[in-house]
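Notes for the structure review
Given next are the chains, with one letter for each unit.
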Amino acid sequence: MNSGNVILDSRRGDVTGDGVPDLVYITGRITDAGEAPLTENITLVIEDGRDGSIRAIKPEHNAGRNPRLFLGDFDGDRADDIKISMEADVSGGMGSHYIYSFRDYVFRELFNSDAYNDAHQYKVYYNDFYRVAVGNIRLNKLFMLDIKNRGDAYLSQLYRDNGKLIAPAKGAALPLGALLPVADERRGTYDLLARQRIAGISDTDTLGYIESLLHWNGQAFDVLYTVASVPGMSITA
Ligand SMILES: [Ca+2]
């Protein structure tokens, strides 16, 4: 290990597929300690359980906060795959996520958040009558969010009393934030829940979330469904 590098997270599981548990860990250099330490030179290391040999790979983005591991079978080959996630060094909850298979000692990238983000950019436009359109032409998807429950103080910044927009206004769908493993107990594998935050008139104004359930189809992750929704409101004051 290079000087200054520390082990940031570790898990044990059979990632090679030979039935012997392997040790998987992340190394990196902490440049800013704290609750979510800022880390660079993030490297994924596998110590083979059978002969102790070491293999390492560096994700494309290898700097971020709070790098962490999850082991689970995403592609259904009965060997654990390796998910590595880190948060971007900016606010807003964006992150980088990679999933690798290491079956038979060969690294294969199953998921890369940059590729996902390229394919899942949405335009966000406020419409008349307290509705927000969230759309992606390439994916042929349009969602309409109802923001009537946001209250007069918020809505009066955007809308006249008759419900028409004062001026055109838009928001933004942020890149992938959380990428959560979802256990499919029947198959014994994991799907993924991919979450993007929808920001409104400012970055801290959360209108809602776009969530897609991803399932490995043998070659790649398919989107089983996508929903865009607003958080629920309280019924009583
Ligand atoms: Ca093994």
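Residues numbered from 1 in each chain as written. Predicted model: local features only at pLDDT ≥ 70, side-chain atom pairs only at ≥ 80, totals over all residues.

Bringing the overall build of the protein chain into the picture now. Each helix and strand in the protein chain was counted, giving 2 helices and 15 strands. By principal-axis analysis of the C-alpha atoms, the protein chain measures approximately 75 × 40 × 35 Å. Across the 237 residues of the protein chain, 30% fall into the buried class. (Helix = DSSP H or I, 4+ residues; strand = E, 2+ residues; numbered from the N terminus. Buried ≥ 20, exposed ≤ 12 C-beta atoms within 10 Å, placed from the backbone.)

Here we come to the environment of Leu158. Relative to the assigned elements, Leu158 resides in the loop between helix 2 (152-155) and strand 12 (170-184). Discounting residues that sit within four places of it in the chain, Leu158 has contacts with Tyr126, Leu165, Ile166 and Ala169. (Contact = placed C-beta atoms within 7 Å.)

With respect to topology, 7 strands assemble into an open sheet ordered 11-10-9-12-13-14-15, the strand pairing being antiparallel. This sheet does not close on itself; its edge strands, each paired only once, are strand 11 (141-146) and strand 15 (221-229). When the angles between neighbouring strand axes are averaged without regard to direction, this sheet yields 25°. Here strand 14 (residues 206-216) runs beside strand 15; their pairing, made up of 8 bridges, is antiparallel. Of the residues in strand 15, the one forming a bridge with Tyr209 is Ser229. (Pairing = 2+ DSSP bridges. Axes fitted to C-alpha atoms, helices over the stretch in contact; angles between N-to-C directions.)

Turning to the pairing of strand 10 (residues 131-136), a few remarks are in order. Examined bridge by bridge, strand 9 (residues 123-127) and strand 10 share 5 bridges and lie antiparallel to one another. Paired with Val124 across the two strands is Val134, which belongs to strand 10. As consecutive antiparallel partners, strand 9 and strand 10 are separated by 3 residues, and within that stretch Phe129 has a phi angle of approximately 65°, a positive value. Bridge count between strand 10 and strand 11: 6 bridges; the pairing is antiparallel. Following the sheet pairing, Val134 is matched in strand 11 by Phe143.

Taken as a whole, the protein chain is organised into domain 1 (5-112) and domain 2 (120-229). Every contact between the two is made by 14 residues of domain 1 and, on the other side, 14 residues of domain 2. Counting only elements with at least two residues in the side of domain 1 that touches domain 2, the list comes to strand 5 (64-72), strand 6 (81-87) and strand 7 (95-101). In the side of domain 1 that touches domain 2, the residues fall into 4 nonpolar, 7 polar and 3 charged. (Domains from an automatic or database assignment. Nonpolar A, V, L, I, M, F, W, Y, C, P; charged D, E, K, R; others polar.)

One finds Val15, Ile82, Ile99 and Ala194 to be the most contacted residues of the largest nonpolar core, which totals 26 residues. Looking at this core, the elements that each hand over two or more residues are strand 2 (22-32), strand 3 (38-47), strand 6, strand 7, strand 12, strand 13 (189-199) and strand 14. Two domains each donate at least three residues to this core, and these are domain 1 (5-112) and domain 2 (120-229). With sequence-adjacent residues up to four places away left out, Ile82 is seen in contact with Val15, Val24, Leu44, Leu69, Leu71, Ile99, Tyr100 and Phe102. Grouped together as the second largest cluster of nonpolar side chains are 13 residues, Tyr126, Val134, Ile147 and Ala228 included. (Core = buried A, V, L, I, M, F, W, Y, C linked by C-beta atoms within 7 Å.)

Let us look at the environment of Thr39. Within the secondary structure, Thr39 is located in strand 3. Along the primary structure Thr39 and Gly64 are separated by 25 residues, whereas in three dimensions their C-alpha atoms are 5.4 Å apart. The contacts of Thr39, once residues within four sequence positions are left out, are Leu8, Gly28, Arg29, Ile30, Thr31, Ala63, Gly64, Arg65 and Pro67.

This part takes up unusual backbone geometry. Most peptide bonds adopt trans geometry, and most residues besides glycine take a negative phi value. Despite not being glycine, Phe129 shows a phi value in the positive range, around 65°. The residue Phe129 is located in the loop between strand 9 and strand 10 in this model. On the basis of neighbour count, Phe129 is assigned to the exposed category, with 12 C-beta atoms found within 10 Å. At Asn140, a residue that is not glycine, the phi angle is positive and equals roughly 60°.

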